[in-house]
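Survey of secondary and tertiary structure
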Number of protein chains: 4
Amino acid sequence: IGDFPGHALPGVFFFVIGLWWSTKSILKYVCKKHKQTCYLGSKALFQRLEFLEGIAVVTMTLIGIIGLQFFAGGPHLIIHNESPWKRVLRLQHLTLYFFFGLLGVASILCSTVSSIPVSLIKLMMSNAFFVESFIFYNHTHGREMLDIFVHQLLVLVSFLTGLMAFIEFLTQKNILLELLRSSFVLLQGSWFWQIGFVLFPPGGRTAWDLLDHDNIMLLSVGFCWLYALAFIVIGVLVRTKLERERETIEMQYNKWK
Amino acid sequence: IGDFPGHALPGVFFFVIGLWWSTKSILKYVCKKHKQTCYLGSKALFQRLEFLEGIAVVTMTLIGIIGLQFFAGGPHLIIHNESPWKRVLRLQHLTLYFFFGLLGVASILCSTVSSIPVSLIKLMMSNAFFVESFIFYNHTHGREMLDIFVHQLLVLVSFLTGLMAFIEFLTQKNILLELLRSSFVLLQGSWFWQIGFVLFPPGGRTAWDLLDHDNIMLLSVGFCWLYALAFIVIGVLVRTKLERERETIEMQYNKWK
Amino acid sequence: IGDFPGHALPGVFFFVIGLWWSTKSILKYVCKKHKQTCYLGSKALFQRLEFLEGIAVVTMTLIGIIGLQFFAGGPHLIIHNESPWKRVLRLQHLTLYFFFGLLGVASILCSTVSSIPVSLIKLMMSNAFFVESFIFYNHTHGREMLDIFVHQLLVLVSFLTGLMAFIEFLTQKNILLELLRSSFVLLQGSWFWQIGFVLFPPGGRTAWDLLDHDNIMLLSVGFCWLYALAFIVIGVLVRTKLERERETIEMQYNKWK
Amino acid sequence: IGDFPGHALPGVFFFVIGLWWSTKSILKYVCKKHKQTCYLGSKALFQRLEFLEGIAVVTMTLIGIIGLQFFAGGPHLIIHNESPWKRVLRLQHLTLYFFFGLLGVASILCSTVSSIPVSLIKLMMSNAFFVESFIFYNHTHGREMLDIFVHQLLVLVSFLTGLMAFIEFLTQKNILLELLRSSFVLLQGSWFWQIGFVLFPPGGRTAWDLLDHDNIMLLSVGFCWLYALAFIVIGVLVRTKLERERETIEMQYNKWK
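I will try to describe carefully the structure that is included in this document. Note that the structure is predicted; figures quoted are calculated from it, not measured.

So, how was this worked out
- Residues numbered from 1 in each chain as written.
- Chains lettered and ligands numbered in written order.
- Predicted model: local features only at pLDDT ≥ 70, side-chain atom pairs only at ≥ 80, totals over all residues.
- Heavy atoms only, no water.
- Core = buried A, V, L, I, M, F, W, Y, C linked by side-chain atoms within 4.5 Å.
- Buried < 20%, exposed > 50% of the residue type's maximum accessible area, 1.4 Å probe, protein only.
- Contact = heavy atoms within 4.5 Å.
- Axes fitted to C-alpha atoms, helices over the stretch in contact; angles between N-to-C directions.
- Helix = DSSP H or I, 4+ residues; strand = E, 2+ residues; numbered from the N terminus.
- Left-handed = near helix turned anticlockwise from the far one by under 90°.
- Nonpolar A, V, L, I, M, F, W, Y, C, P; charged D, E, K, R; others polar.
- Buried area = accessible area lost by both parts, 1.4 Å probe.
- Salt bridge = Lys/Arg side-chain N within 4 Å of Asp/Glu carboxyl O.
- Polar contact = N/O pair within 3.5 Å; in protein donor to acceptor, adjacent residues only side chain to side chain.
- Least-squares fit on C-alpha atoms with pLDDT ≥ 70 in both.
- Expected span 1.5 Å × (residues − 1).

**Details of the nonpolar core**
If you look at the biggest cluster of nonpolar residues, it comprises 220 residues, and the most contacted ones within it are W191(A), W191(B), W191(C) and W191(D). In contact with W191(C), other than residues within four places in its own chain, are V150(C), L153(C), L154(C), L219(C), G222(C), F223(C) and L226(C).

**Notes on the packing of helix α4 (residues 120–137) of chain C against helix α6 (residues 175–199) of chain C**
Residue and element names in this part refer to chain C. Interhelical geometry of α4 versus α6 gives an angle of 35° and a closest axis separation of 14 Å. In this structure, α4 crosses over α6, and the sense of that crossing is left-handed. Counting all contacts with α4, which are made through K122, M125, F129, E132 and F136, the residues of α6 involved are E178, R181, V185, Q188 and F192. Partitioning the contact of α4 with α6 into residue classes produces five nonpolar, one polar and four charged.

**As for the interface of chain A and chain D**
Between chain A and chain D, the residue contacts involve 26 residues of the former and 27 residues of the latter. Summing both partners gives a buried area of about 2200 Å² for chain A against chain D, and 80% of it is carried by carbon and sulfur. Scanning the region where chain A abuts chain D turns up zero salt bridges. Our enumeration of links across chain A and chain D arrives at two residue pairs in polar contact (both at pLDDT 80 or more).

**Some words on the relation of the copies chain D and chain C**
In screw terms, the move from chain D to chain C is a rotation of 90° and a rise of 0.0 Å along the axis, fitting with an RMSD of 0.0 Å. A rotation of that kind, with that shift, is consistent with a four-fold axis. By C-alpha distance to the rotation axis, the residue of chain D lying nearest is T171(D), at 7.1 Å.

**Looking at helix α4 (residues 120–137) of chain A**
In an α-helix, one turn spans 3.6 residues; hence positions three or four apart end up facing the same way. With 18 residues, α4(A) should cover 26 Å at 1.5 Å per step; its first-to-last C-alpha distance of 25 Å lies within 8% of that length. With 16 of its 18 residues buried, α4(A) lies for the most part within the structure.

**Points about the interface of chain D and chain C**
Where interface size is quoted, it is often the accessible area lost as the parts come together. Contact residues are listed per partner, giving 26 residues for chain D and 27 residues for chain C. Buried surface at the junction of chain D and chain C, both sides included, amounts to about 2300 Å², of which 80% is carbon and sulfur. The tally of links between chain D and chain C comes to zero salt bridges. Taken together, the links from chain D to chain C amount to two residue pairs in polar contact (both at pLDDT 80 or more). Those elements giving two or more residues to the side of chain D that touches chain C turn out to be α1 (4–33), α5 (145–170), α6 (175–199) and α7 (213–256) of chain D.

This is the structure in structure tokens:
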């Protein structure tokens, strides 16, 4: 939606969920390695976490959909004097939210009904991100060059996230692949902020020149830096987890003595 | 073929076959899990189903090919005053039908000759859909923007169907992958209807503006909704099957008591 | 090389090698299934065949390279008054032959030195076809529309052949994948003939209109038909092999009685 | 950076590292086959080599980054009168070096911390090459045709290298895949030299016509030849290793007698 908060909110959402997914992956990996010493090693706990995650995702997408109806375009559910172009944009965002809602529903189902294969979550995840990239690909008809470019990079990163989730769906568990996907989600979150700053500079800053080739090259560099940032965030997460793991093991050793 | 029934018919065909394939996949999955209680668990039955499916597909493509000769362009087998452009379109549809006919032949062969690997069906399926996407890609030279766009989406969905079938061919059995492919087939069926409504609005409705960018964005949203619809259809199918399965098991338990 | 024989010769070459590869795959499959009754079941024989194939490929590419120097551009090894454009085309064909020569060398090496992995042949095969598609992609700068289109389809088919060979390289043996690759090679062979007929109509036939969109659509249909033809050729090959196999087995049974 | 040494230096870097990687792969393969006779068979040695490689890569990227600040644009860390376009180029190269530095860090971590999966190196390698191809893709806005073409080929080769490393990450060890990747790295090294010669002909040679289509076709041939060269280099490496291996084994046999 065409303002700064409209890009900052999904940015925060993706950043938070990226952090959560990477934490979950690391926890699972650590618990699998130290089965005897892990205090949350039971499979049931992870299933409950999955369930809560599903509830959270569904809630957030519902808030997003309702917020879209009331606040984005005006205070009424049915907006009378809306341009068709704006209505299409609203519908596109609605569709986006719907498919992420499906991901939440899949999480809930997989954690309650035992006869459903667990890989359904991965499939729905890849699905949600692929649909996102499809929608953003058809999002920018007739805009300025830089506007198109930043959305193209968004398409790229959500396509890559979907691709990683699909490879996870096909292959066995692979902690590095999960972390890579999480880093793409983090990148997407921070890139939403970048888009907000570029297209709707808040606080009266000077706007970017949307027709300058140098800006494209600069933004492609910034994209890489945000990617590097995502790597560093995940590296820090891994380190703290590994250290806490070592402390726990030492503590248990001391108790045992 | 350039009229509404010409797009509605393949739409119905793809929708029916998508429903059938998803039902078959779910049945196979359920029967595999409950081998002792399944009343149609014998492998021979599925082989017979495969055979009937092959016969049905071959029959339908034959009807399609013959119908194409007689009704589409005129009542005669060899049409005299046909423009070369129309003849090329006729040939394209003929080729399409031929490759789907090959899929039917493969089904028949695999269910009768035992020395042929079963994955031949999957290979021929991916083949038919890839050829379809290739033909539709070369189908729209010199048309209007929206006309090209709706056919591009058709290319996308048939390419994805072919890709899924090819991945199934390479990997082992995967119920989710099969359902995903079926949902793409359902999507293709409903999208054919959408194309019919857009390009040849029946019943004297106002035609779409084929040069409006907003329509492209609207159609891309509609595409996602039809995809969501396919998901819901398959979800309902799975639920009814699972419930019937539970009833059967309970019935058998009661009998056993 | 810009004349009819220059496209007919590689066409014959690819058609012959496609036939040979599909025959070899079927033979291997049949021999593997009936190990006790197969009269050429020994692994040594296939190794010798591989060796002979390597020799044949190297010989053919050498003939191609030498023929290119002497006959294509003129009777002298170093052509004096050659346009730079023609020289580049000559170099492109030379490179093509060289990489197919490497495939022959790999066949020879794999069948003589035992410490080299056998999958090297598949790697070199995918390599040769990928390089071919790369060269043909950069082959048609500044030509007519139809000329570009027929070469693009050549790029497509050689890329697909390379892709299939690469998937074979990564996965285990799969008879259907090998036959699919062979059918792409057959398609490439027959497509070379088609290109020859389109660009250099022999025997004073009327030339094709190189700027007509309908011709593109017609050629895309023809491409599919040649693909169907490749399928039929391979189907016939499989049938004759299977029948001969049955006869041999019956004969052996009769002897045994 | 826009001069001949700026392209020759990375060329030398990639060529050396390509040679090193292919040597390492061959050594590992040979040692695995002859475990009892191999005098450097211990796994610890390869781990130490990995560690040294990581140190070397990090050092080289640090030198590259510092050199970029001091020499490329001028003698000062902060350059005052720099055009924004040049600054963006500097930032792009900085980002490139950073991601190759991450590869070095991953090598060091994997060889010291045992709880990190070894495939992290492959992941970071594919990552570095993908980022490289992304950056070079956004490197050439508004340049001449031939300039764009040579950088596109650079994008192609670094994308392929990244793809190979990613496939290695997903699958098990495969000596041929590793050698293929090494050959792509060698190709990239020699292609950097070629770019240097084309864009900044040293020693007062006549410059290339950057707008001539024939030059594009010529360069695509040259690209294939450098690829063939990489194959020959690796072939020679393999041969010398295999011969030395045979000598060692014979020597050991003689000692044993």
